[in-house]
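Residue-level structure breakdown
These are the residues of each chain, in order.
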Amino acid sequence: MKIRNKLILTFTAFTFIVAAVGILGLIATIEITKSFDGGEEHFRSIVSASTEVSSYVKRAEGHLMLYLTLHDVNDRELFFSRFEAMEEEIALLDSIIGMHEARDIFEKIKFNADELLPIGRSLIEIHDKEMKEKGSFIADNHMGLIRSLNDHADSVRKNALDLAHYETDFLNRQEAITAATELSNYVQMAENHLITYTVLHEKRDLGYFFMRFASLREQLSILDTRLRDADEKSMLTRIRGRVNQLMPVARTLIEVHDNEMAASETFNPDNHAKLFRTLNSIVSSIRNEGIELAQINVMLESQAKAAATKKAAYIRRIVITAIIASILIALIGTYFFSKTFSNPLLRLRELASRIGRGHLATPIDIDSKDEIGDLAASFKTMTSNLQKSMVSRDYMNNIIKSMMDSLIVVDLQGTITAVNPALCKMLFYREEELVGISFRQIFGGYDSPGTDITHYINTLHANDRETQYISKNGDIIPVLLSASLIYGPSGNPEGAVYVAHDITDLKQAELSLKASEKNYRDLVDTAPVGVYKTNIEGKFMYGNDALLDIFEFSSLEELRRDNVESRYVNPDDRKRLISILKEKGIIRNFETELITKNRRHKNVLLSGTLYGDVISGMMIDITEKINFQKEAMQAGHLASLGELAAGVAHEINNPVNGILNYAQILLNESEKDSREQDILTRIIRESDRVAVIVSGLLSFARGRLEKKSPIHVSDIMSASLDLTSSHIVRDGIRFKLDIPPDLPAIYAHSQQIQQVFLNIISNARYALNQKYNGRQDDKYLEIIGRQIMVDSHPYVRVSFFDNGNGIPDSLLDKVKKPFVSTKPKGEGTGLGLSISHGIVSEHGGRLVIDSIDGEYTKVIIDLPVNAQVS
C-alpha cells in the first residue's frame, strides 16, 4: 500500500472516532440547554402565579372589609377586580401544574377560592340592604360570614404560598423568596386583622394583628441576613421605613377605637376614614415592594439558571474545540506516521509545503551531506529570515484579537476588510458575515460613508464621539467611536480603522441614576416638613411644597426671587446660625422667628449642614406649638386671677351686706318722701350694684349656677341701658337704638348676656371719648337688632357700631384672648372681650369684630333663637 493511501486510511479512522465522540457531546449539551430553558420558564410561571394568588386574595378580602367599614363603592369594585385577577392566576396555574403533589395543593386553592365569592356577594348584599333600609351596617350581626370569609381567604393564601415554596424549595434563594412573599402577606393579614378588630371589636383580632406584625419583623430580619445585592438592600431599607410608619398609624387607630368604645360602646369608622386610608396606603406599599423583592429573587434565580445554560453553551464550544484539536492531533499523528515510510526528499517536500503555508517555525531536521542537505540548509536560512519579518505582525494580531473594544478596518469605499472578535461578539455576527459588506449596514450614528471615506473621517472631528451600532438582530448599541485613516507605502490613504467602546452599561446606569434622582426628589417634595437649600448669602436655591407653605409663597420661582436673611425677625439669629455652621458644619433644632410673605410671624426650628457655600436642611413650623404654650400660660394667669377674684369677692361681700342691712333699717325709720329716704334709697341701689359686681367676680371664678330661660333681647338691652344711659348722655354721645320688641326670644342667662352688652357699650364709650372731646355730631353709637338665618337656623343678631378710634391691625385677631387690651396699662385688664366671647360661645352663638384703626369698630353678636344650649 502506498504511503499516501496509508495516511488517508489512518486519518479517516482517527477523524471518524473524534467526530463521533464530539457529536455525542454536542447532543448532550443541547439537551441540557433545552432542559434548563424549559424548566426556567415553567418555574417562573408557577412561582409568579402562586405569589399573585396569595396577594390578590388578601387584597380582595382587605378591600371588602374596607367597603363594609367605610362604605366606599371604590372598595367594592376593587374587591371584584382583585377577585377576577386572582381567578386569572388560578386558571394559569391550572394549565401549567402537572406534578401530583402540586396538583393536590392547587385543588385546595381552587376549592377555597370558589367558596370566597358567594360569601363576599352575600356580605355585600346584606351591607347594601342594611345601609339602604337602616342607614348603618352592624358587623357584629354577621360575624359568622365575616369569619368564614377570613378563613377561606387565609386558606387560599396559605396554599398558594405552599405551592410557591414547593416550587422554590430546591433553590439557593429559597429563604429570601419565602421571606419576601411572607412579608407581603403578613402585612396584608395584619391590616385585615386590624380592620376586623375595629368592625367586630374582638381582642383576638387585635392579638392576631400584633402577631402578624411580629412575624413581619421576623421576615425583615431574615431578608437582612439573606440579601446581598445593593439594589435589594436599598429596597429592604425602603420596606423597613414603611413598616416603621405602619405601627404609629395602627396604634393611633387602635387607641381611637378603644377610647370611643370605652366612652360610648360604639365606633364609627367613617369618622376615621383618613386613618384607614393611610393604613391601607402604607400596607399597599409594603405589599407591592415585598412582591417586587420576591420577584427580583426569582429573577436572580432565573439568571442563575441562565448562567447554567450559558455554561452548557460554553461546554458545547469546548466540545467543538476538542473535535478540532483532535483532528489536528490526527494530522500530526499522520505526519509522524509518514516519517517512517517516506524518504528524505519526500520529507523535504513536506517541510517546504508547510513553510509555504506560513508555518515558519517548522524545524528542518534533514542532516544529509548531499545536495538535499544543502537545499535543507537553504530552507533553514529562508525560514529564519521570514520569521523575523513575521514576528511583529503576529504580535500585533494577538493584541487586536485580545482587545476588549471592537475594531473594524474598511477600504476607501467603506467595505469592511477586517474585524476583531470583540465586534463579532457585540453585534452577534460571524467574522465571515462582516468581511466584504458595506460599513453602512452596521453604522447607525451618522449618515453612512459615501464613495470616498477620507472626507467622512476628517469631518468626524474628534475621537470618543458618541454614536450607535446596529446588531444583527436590529438592536441599537450605543458606543464611543474613534476613527483614523490608514496610509499605504506611497503616503496616500488606503482605508480607515474604527475602534468603538460599548457604553450600554453606562447608559443604563445614567437612566438608573435619573430614576433614583426622581424618587429622591418626589420624596423631598412631598415631605411634611420644609426642605430648603440656600447659599451662604441667603439666596434660595430650592424649597419643597411644605417650605412654600411656611413662607406663604405660591411657587418655587417666587421663592427663588426672595432672600431668607430678610425673613428673620431678629437679624442676629441669622448671624449666630451662620457662625455655628461655619464652626461645626451642622446645626440642629435652631429656634428662631421668621416673617412670611404676608407679614405673619412664624416660629420655626431649623436644622442644616454647610457644604462649601451651600446650606441644606429642614425647617419645622412650631408656631402652633408656641401659641399653645402661650395660651396655656394665659390660662394659668386666668385661673390665678379667678382665685384672686373669688377672694376679693368674699372679702367685699360681708361689708356690703352690712351696709345694705343698716341702710334698710334707717330707710324703714325715715319719713316718707324725706331727703334722708332718697339718700338711703340710693345707698341701697348702689350697694345692690356692688353686690352684682361681687356676684360677677364669683361667677368669673367658678362659673354661674343659675339656669337659662327664654328671654327677649330688647328686655336685656333695656336693663343694660338703665345702667349706662346716664354715662352715654354725660359723654355727649349721639345714641341710636333699633331693637324691635317682637324679635323672637333667646334661651340664655339674662345676667350673662347683660354683662356682654355692658362690656361692649363700655368699650365703645372709651373709644369714642379717646377720639372726640366732649359733645360732637360725629360722635355716635348705634345698636341694631335683627332676626337672621344661619345655616337654615334662626338667630337674633345684635350689632354695635361706633366711629371711635378703632382697633390696631396687629391686635384685631388677638383682642378676644385673655389679657389682651387696647387700653393703656392700668386702664384695662384685657378680660372683658375674652369673658364676653366665652359667654356668647357658651350660648351657642358667635362674636365677630370688624374694625379699621382710627375709623370705626363694629361688634356683631349672633344668638340662637330659643335654642336650649347647655
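Just above, that's the structure.
Within every chain, residues take consecutive numbers counted from 1 along the sequence as written. In view of the model being predicted, local features appear only for residues whose pLDDT reaches at least 70, and side-chain atom pairs are presented and counted only at 80 or more, with totals across whole chains, interfaces and linings using the full set of residues. Side-chain numbers here rest on the full set of heavy atoms in the structure, without hydrogens or water.

1. Considering the overall build of the chain
As a reminder of what qualifies: Secondary structure elements follow DSSP: runs of H or I no shorter than four residues count as helices, runs of E no shorter than two count as strands, and numbering proceeds from the N terminus. Exposure classes here rest on a 1.4 Å probe applied to the protein chains alone. A residue is buried below 20% of its type maximum, exposed above 50%, and partly exposed in between. Every residue pair with non-hydrogen atoms within 4.5 Å of one another is taken to be in contact. The accessible surface values rely on the Shrake-Rupley method and a 1.4 Å probe; as for residues, cover is taken only from the protein chains in view.
When its secondary structure is counted, the chain shows 23 helices and 17 strands. For the chain, the proportion of its 870 residues judged to be buried stands at 41%. Considering only residue pairs separated by 6 or more positions, the chain has 63% of its internal contacts joining residues 24 or more positions apart. Accessible area of the chain: about 48000 Å², with a carbon and sulfur share of 54%.

2. A look at a nonpolar patch on the surface
Stated precisely, the cut-off is as follows: Note on patches: the residues involved have over 30% relative accessible area and no salt bridge, like charges join within 9 Å, and the nonpolar side chains Val, Leu, Ile, Met, Phe, Trp and Tyr join within 5 Å. Whenever Lys or Arg places a side-chain nitrogen within 4 Å of a carboxyl oxygen from Asp or Glu, that contact is recorded as a salt bridge.
Taken together, the side chains of Leu 644, Val 648, Ile 652 and Val 690 present a nonpolar region at the surface, about 280 Å² in accessible area. It is helix H18 (residues 623-669) that contributes the most residues to the nonpolar patch, 3 residues altogether. With respect to the helices, strands and loops of the structure, Ile 652 is situated in helix H18.

3. Overview of the pairing of strand S15 (residues 793-802)
Note the following rule: Note on pairing: two strands pair once DSSP finds at least 2 bridges between them.
Judged from the 10 bridges that link them, strand S14 (residues 780-790) and S15 form a sheet pairing that is antiparallel. Its bridge partner lying in S15, Ile 784 is registered against Ser 799. Between S14 and S15, which pair antiparallel one after the other, the connecting turn spans 2 residues, and Asp 791 there sits at a positive phi close to 55 degrees. Two strands pair when backbone bridges link them, and S15 and strand S17 (residues 856-864) are joined in this way by 8 bridges, in the antiparallel orientation. Each residue of the ladder has a partner; that of Val 796, found in S17, is Leu 863.

4. Comments concerning unusual backbone geometry
Within the chain, Asn 589 stands out as a residue other than glycine whose phi angle is a positive 50 degrees. Here Asn 589 lies in strand S8 (residues 586-595). Judged by its relative accessible area of 53%, Asn 589 falls in the exposed class. Phi at Arg 599 takes a positive value of approximately 70 degrees, unusual for a residue other than glycine. Positionally, Arg 599 belongs in the loop between S8 and strand S9 (601-611).

5. Regarding the sheet that holds S17
Convention followed: A fitted line through C-alpha atoms serves as each axis, taken over the contacting stretch for helices, and the angle formed by two N-to-C directions is quoted from 0 to 180°.
Strand order in the open sheet formed by 5 strands is S12-S14-S15-S17-S16, with mixed pairing between adjacent strands. Bordering the open sheet on either side are strand S12 (734-738) and strand S16 (846-852), each of which pairs with just one other strand. Between one strand and the next, the sheet's axes are offset by a mean angle of 15 degrees, whatever the strand orientation. Strand contacts of helix H21 (residues 750-771): S14, S15 and S17, with the helix running at about 25 degrees to S15, the strand carrying the most contacts. Lying over the sheet, helix H23 (residues 832-842) contacts S16 and S17, oriented at roughly 140 degrees with respect to S16.

6. Quick notes on helix H20 (residues 713-730)
We apply this condition: Take the number of residues in a helix, subtract one, and multiply by 1.5 Å to get its expected span. What the bend at a residue measures is the angle between two axes, fitted to the seven residues ending there and to the seven starting there.
For H20, spanning 18 residues, the distance from its first C-alpha to its last is 25 Å, which sits close to the expected 26 Å at 1.5 Å a residue. Along its length, H20 shows its largest kink, about 50 degrees, at Thr 724. Next to the buried residues of H20 lie strand S11 (709-711), S12, strand S13 (746-748), H21, S14 and S15. Immediately downstream of H20, the backbone of Gly 732 shows phi near 75 degrees, a positive value.

7. Section: the environment of Ser 750
Considering the arrangement of structural elements, one finds Ser 750 in helix H21. Taking C-alpha positions, Ser 750 is 9.8 Å from Ala 719, a pair spaced 31 residues apart along the chain. For Ser 750, the contacting residues outside a window of four places in its chain are Ile 711 and Ile 716.

8. Description of the nonpolar core
Using the following cut-off: For this analysis, a nonpolar core means a set of buried residues of the types Ala, Val, Leu, Ile, Met, Phe, Trp, Tyr and Cys, connected via side-chain atoms within 4.5 Å.
With 67 residues, the main nonpolar core has Phe 209, Leu 246 and Leu 279 as its most contacted residues. Of all the secondary-structure elements, those providing two or more residues to this core are helix H1 (3-70), helix H2 (73-96), helix H3 (100-133), helix H4 (143-168), helix H5 (174-200), helix H6 (203-226), helix H7 (230-264) and helix H8 (273-341). If you tally residues by element for this core, the top one is H7, at 12 residues. Those residues in contact with Leu 279 that lie beyond four places of it in its chain are Glu 191, Leu 194, Leu 246, Val 249, Ala 250 and Leu 253. One finds Met 717, Leu 721, Ile 733 and Val 859 within the second-largest nonpolar core, a separate group that totals 35 residues.

9. Some points on the side chain of Asn 603
If you trace the backbone, Asn 603 turns up in strand S9. On the accessibility criterion, Asn 603 (14% relative accessible area) is buried. If we skip the residues at most four places from it in the chain, Asn 603 touches Thr 592, Glu 593, Ile 620, Asp 621, Ile 622, Thr 623 and Ile 626.

10. Re the pattern of salt bridges
The full count for this structure, using the stated rule, is 22 salt bridges. Among the ionic pairs, Glu 433 bridges to Arg 430, the shortest N-O distance being 3.7 Å. The salt bridge involving Glu 565 is made with Arg 574; its shortest N-O contact spans 3.8 Å. The exposure class of Glu 565 is partly exposed, given its relative accessible area of 40%.

11. With respect to the sheet that holds strand S5 (residues 493-502)
Reading across the sheet, the 5 strands line up as S2-S1-S5-S4-S3 and stay open at both edges, with antiparallel pairing between neighbours. Strand pairing shows two members of the sheet lacking a second neighbour, strand S2 (416-419) and strand S3 (465-470), which therefore form its edges. Geometrically, the sheet is characterised by an average inter-axis angle of 35 degrees between neighbouring strands, direction not taken into account. Here strand S1 (residues 406-411) runs beside S2; their pairing, made up of 3 bridges, is antiparallel. In the strand pairing of S2, Ile 408 is matched with Val 419.

12. As for the packing of aromatic side chains
The criterion, for reference: Aromatic contacts are taken between Phe, Tyr and Trp rings whose centres are within 6.5 Å, Trp giving its six-membered ring; a plane angle under 30 degrees counts as stacked, one over 60 as edge-to-face, and the others as tilted.
Applying the stated criterion to the full structure yields 8 aromatic pairs. Ring plane angle 55 degrees and centroid distance 5.6 Å describe the contact between Phe 757 and Phe 800, whose orientation is recorded as tilted. With Phe 757 in helix H21 and Phe 800 in strand S15, this residue pair connects regions lying 43 residues apart in the sequence. Phe 757 gets classed as buried once you look at its relative accessible area, which sits at 0%. For the ring pair Phe 801 and Tyr 856, a centre distance of 5.6 Å and an interplane angle of 25 degrees mean the geometry is stacked.

13. Description of the pairing of S14
Across 5 bridges, S12 lies against S14 in parallel orientation. Its bridge partner being in S14, Asp 738 is matched across the sheet by Ile 784.

14. So, the packing of H2 against H3
The cut-off we apply is this: Here roughly perpendicular refers to angles of 65 to 115 degrees, roughly parallel to angles under 35, roughly antiparallel to angles over 145, and oblique to all remaining angles. We call a crossing left-handed when the near helix sits turned anticlockwise from the far one by less than a right angle, and right-handed when that turn is clockwise.
Orientation of H2 relative to H3, taken along the N-to-C sense of each, is 165 degrees, at an axis distance of 11 Å. Here H2 lies roughly antiparallel to H3, going by the angle between them. Of the two possible hands of crossing, H2 and H3 adopt the one that is left-handed. Here H2 contributes Arg 76, Phe 79, Phe 80, Phe 83, Met 86, Ile 90, Leu 93 and Asp 94 to the contact with H3, which in turn contributes Arg 103, Phe 106, Ile 109, Ala 113, Leu 116, Leu 117, Gly 120, Arg 121, Ile 124 and Asp 128.

15. Things to note about the packing of H20 against H21
Where H20 contacts H21, the axes come no closer than 9 Å and their chain directions differ by 30 degrees. Taken together, the axis directions place H20 and H21 in an arrangement best described as roughly parallel. Remark: the crossing between H20 and H21 carries right-handed chirality. Contact with H20, carried on its side by Val 713, Ile 716, Met 717, Ala 719, Ser 720, Leu 721, Leu 723, Thr 724, His 727, Ile 728 and Arg 730, involves Ser 750, Ile 753, Gln 754, Phe 757, Leu 758, Ile 761 and Arg 765 of H21 and no other residues of that element.

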